[in-house]
2 protein chains.
Amino acid sequence: MHCTHGAVNGHLRDLSGLCEKRNNTDHNMELEFIEQLRQGVPTNELVRLGIGDDAAILDTRRLETVLTVDLLTEGVDFLLDEVAPQWIGRKALAVNLSDLAAMAAQPVAALVAVALPKECAKTLAPQLLEGMTPLLQKYNVALIGGDTNTWDGGLVISVMAIGRVTEHGPFKRSGAKPGDRILVTGTLGGSILRRQFLFEPRINEALYLNGHHRINAAIDVSDGLSLDLARLAAESKVGAIIDAHHVPISDDAKQLVEQQSETQGTKSPLEHALYDGEDFELLLAVPPEEAERLLATQPLMPTMGVPLTDIGVFVAEPGQWLRDHNGVSRQISPQGFVH
Amino acid sequence: MHCTHGAVNGHLRDLSGLCEKRNNTDHNMELEFIEQLRQGVPTNELVRLGIGDDAAILDTRRLETVLTVDLLTEGVDFLLDEVAPQWIGRKALAVNLSDLAAMAAQPVAALVAVALPKECAKTLAPQLLEGMTPLLQKYNVALIGGDTNTWDGGLVISVMAIGRVTEHGPFKRSGAKPGDRILVTGTLGGSILRRQFLFEPRINEALYLNGHHRINAAIDVSDGLSLDLARLAAESKVGAIIDAHHVPISDDAKQLVEQQSETQGTKSPLEHALYDGEDFELLLAVPPEEAERLLATQPLMPTMGVPLTDIGVFVAEPGQWLRDHNGVSRQISPQGFVH
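Values in this document were obtained by computation on a predicted structure and should not be read as measured data.

*Asks:* It is not clear to me how the sheet that holds strand S12 (residues 320–323) of chain B should be interpreted in this structure. Could you clarify?
*Replies:* Adjacent strands of a sheet pair through backbone hydrogen bonds, lying either parallel or antiparallel. Residue and element names in this part refer to chain B. If you walk across this open sheet you meet the 7 strands as S8-S10-S7-S11-S9-S12-S13, and the pairing is mixed. One side of each edge strand has no neighbouring strand; the edge strands of this open sheet are strand S8 (217–220) and strand S13 (329–332). Within this sheet the neighbouring strands show an average axis-to-axis angle of 30°, counted without direction. Two strands pair when backbone bridges link them, and strand S7 (residues 181–185) and strand S10 (residues 282–286) are joined in this way by 4 bridges, in the antiparallel orientation. Residue Arg181 lies in a different strand from S10, and its bridge partner there is Val286. Together, S8 and S10 form the strand contacts of helix H2 (residues 85–102), whose direction differs from that of S8 by roughly 170°. Contacting S7, S8, strand S9 (239–243), S10, strand S11 (308–315), S12 and S13, helix H6 (residues 225–236) runs over the sheet at an angle of about 145° to S8.

Structure below.
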C-alpha cells in the first residue's frame, strides 16, 4: 500500500499529497468525517433522516425504489500511487450511478463504506468525499449513511446508490426482441487511459430516452461491449450480431494501439472497443422503427453531446456474432474485463 | 491473510476448511455465486426485481424506507484463522439488522459487497452466504444485490440493509427527555468470547416495544454502553446518570475477568459491561411511568427470553455520570470500542 498519490497521465497535478501519521483516535476521525458528511454534501427532498442516527430514512412512498452496490479495491480497480484519491471517490460513486442509469432510475441517495489504510486514513477520507461531491451535487444525490473503518490492509470503498423508478417505469436487461437494433451511447475502448475514472454516468441520457422513446432493454457497459451485450441478450433470451465496422471506437482506443505498437501490443482498436470495459455507456435494445427515428434525430447531441450509434441487431438464436463489412459473420465467445 | 479457518473457543468444529487454489475465472465464480444467491435465499413480498439486473427494485410505496451500511475488515472485526467464515457472514448481516432494530424498522432486503482474498475466494463466498442464510430466513430479508471482488488483500465484507418504518414510526436517537429512564435489553460485556458473532439482532424486541409502548429514543449498543449512551444523549441534548450497580453484566464479562486474573487483566466486570461493545442490545429512553410498566410486566421475557433492566436516568445537564449504590455520582468520560 502506497500513500503518496500521483496522477493518471499527469492530468491532475494539485494533489494534497502525503499521508500524515494518524495522531487522532479512530473515534475522533470518524466523528470529524461524519460532521463533514453532514455539512458538506447536498441533500434530497426525499431524505427524512440523514447521517447521524443508526440508519437513514427516505420517503420512498410515491415511487418504487432502485438499489445497487459496487465495491472497488486497491490494486484491482485503482493504484493508490498512480491516481488521485478524489478520482477513486468519484469512480466509486459514478459506477453506481451508471447502474441507476442502466435502470433509467432517478438518483436519490447514496451510502458509503470504506476500509482505509491506517497510515493514510485521516487524509484519504476527505479526499474520497471531495471526489464524490461534484457528482452528488450534479445529480442531486444525498449522502445518507456511511461506515468509516481503518485497518492494516489496502483501500476498499463500497458505495450503495438508491434511485427511484420514474413514471415511465424501469429499463431492464430482459425485454430485447429479435429484430431490435443494438444502440450504444458515446464511444468505446481505451477507458484505462482516463475515462475509467472520469466518465459521466448516463443518468440524464437514460431519463431522456425513457421519457421520450420506446426502449425494450438496457444495460451499462461496465465489463466490455461483448460481455455486457451477452448479459443483456441472455436475460432477454436472444442472440446478437455486432456490425464490426459500425462500433464507435474512442480516440483513447486508437491512442492505446499507437502506444502499444511501439512496444509489444497486439490488440486492434476494435478489440479494445469490444473487450476493454469500464466505458459506462448505455447499450440499448430498440425496436427498428424507433431506432431509425433516434438515429435520424440524435436527440442526445444538442444538450448532452452524446451520439447514438447503431451497432447491430438482436436475433432469435442465442449466441454472439461479429459481422464484417462484407456481411460475413463469425461467432465469437463473449469476453471482457471482469473484476 | 490466512485461509485455514479455526473456531472461536472451539465452539464450531465442523469447518469446511482449507482454501482450494482458484482454478475458475473470476467471471465464472461470480456467475456461480450469483446463481447461488438467486436460488438459495428467501425473498420478500416487496421485491419487484431481485439479483440479475443492473440494480434491484423494491416496492417501497406503502411505507418509508430505512437504510444502513456496515463494513467488516479482517484483522479488526475478525481473524480469518480464528473464526468460521459462516460467523463472519452472519455478523456482517446481523450488525446491520441491529441498526434496523435500533430504528424499529421491519427488515426487507440486503445487498452484500465483498473483497475476497484471491486464494480463498471460491470457498469463502458460499461460506459467508451460508452464515447469512438463517438470519435472512428468520427475518424475511431478501438478498437483492451483490458485488463479488477478488484481490490480493484481506477479507472485507460490506452489507447494506433496507427496512421499512412501521405504522408506529421510527425510533430515533433524538427524543430522550430529562427524567426518562434508561432501559437496556439483555446483558452487557464480554462479547469478545462469542456473542460478537452470534448475538441476536433485537428486531422482534424493537418491533414489539414500538407497537405496544411509548419509547422516546433508542440506539443499539455497538461500541459500548458508555459510548452509545453518550451518542443518544448528544442527539437528544441531554445528559445521563448510570446506576453502576444496576447494569446487567453478562456471564461472559465475569468469565473474562476470571480468565484475566490468571494473567494480567485489570478490568472489572462493570468496566467490561460499560466499555466492551458489540453487545448489540437496545438502549432505550422511556418515560418514567411507562418504564415502571415495562419493568413490572417484562413483556419481552415470555416469548423472547429477553429481560429489560433500568440502569439510570436522563438529566438536563449534558455529560455522563456513574452513580454508586450510596448515591454518589462521578462524571465519566464516554469511551468504548471504536472500529
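*Asks:* Could you clarify how one ought to interpret the sheet that holds strand S2 (residues 56–58) of chain A in this entry?
*Replies:* Spatially, S1(A)-S2(A)-S3(B)-S6(B)-S4(B)-S5(B) is the arrangement adopted by the 6 strands of the open sheet, whose pairing is mixed. Edge positions in the sheet fall to strand S1 (47–49) of chain A together with strand S5 (142–151) of chain B, since each of these pairs with one other strand and no more. Averaged over all pairs of adjacent strands, the angle between strand axes in this sheet comes to 25°, irrespective of strand direction. When strand S4 (residues 105–117) of chain B meets S5 of chain B, the two strands line up parallel, connected through 9 bridges.

*Asks:* Teacher, can you tell me more about the interface of chain B and chain A here?
*Replies:* Interfaces are often sized by the amount of accessible area the parts lose when they come together. Contacts between chain B and chain A engage 64 residues on the former and 65 residues on the latter. Of the roughly 4800 Å² buried at the junction of chain B and chain A (both faces included), carbon and sulfur atoms supply 59%. The interface formed by chain B and chain A contains 6 salt bridges. In this structure, the salt-bridge partner of Asp53 of chain A is Arg173 of chain B, at a minimum N-O distance of 3.8 Å. On the surface where chain B and chain A come into contact, there are 16 residue pairs in polar contact (both at pLDDT 80 or more).

Each value, and the rule that gives it
Residues numbered from 1 in each chain as written. Chains lettered and ligands numbered in written order. Predicted model: local features only at pLDDT ≥ 70, side-chain atom pairs only at ≥ 80, totals over all residues. Heavy atoms only, no water. Pairing = 2+ DSSP bridges. Helix = DSSP H or I, 4+ residues; strand = E, 2+ residues; numbered from the N terminus. Axes fitted to C-alpha atoms, helices over the stretch in contact; angles between N-to-C directions. Contact = heavy atoms within 4.5 Å. Buried area = accessible area lost by both parts, 1.4 Å probe. Salt bridge = Lys/Arg side-chain N within 4 Å of Asp/Glu carboxyl O. Polar contact = N/O pair within 3.5 Å; in protein donor to acceptor, adjacent residues only side chain to side chain.

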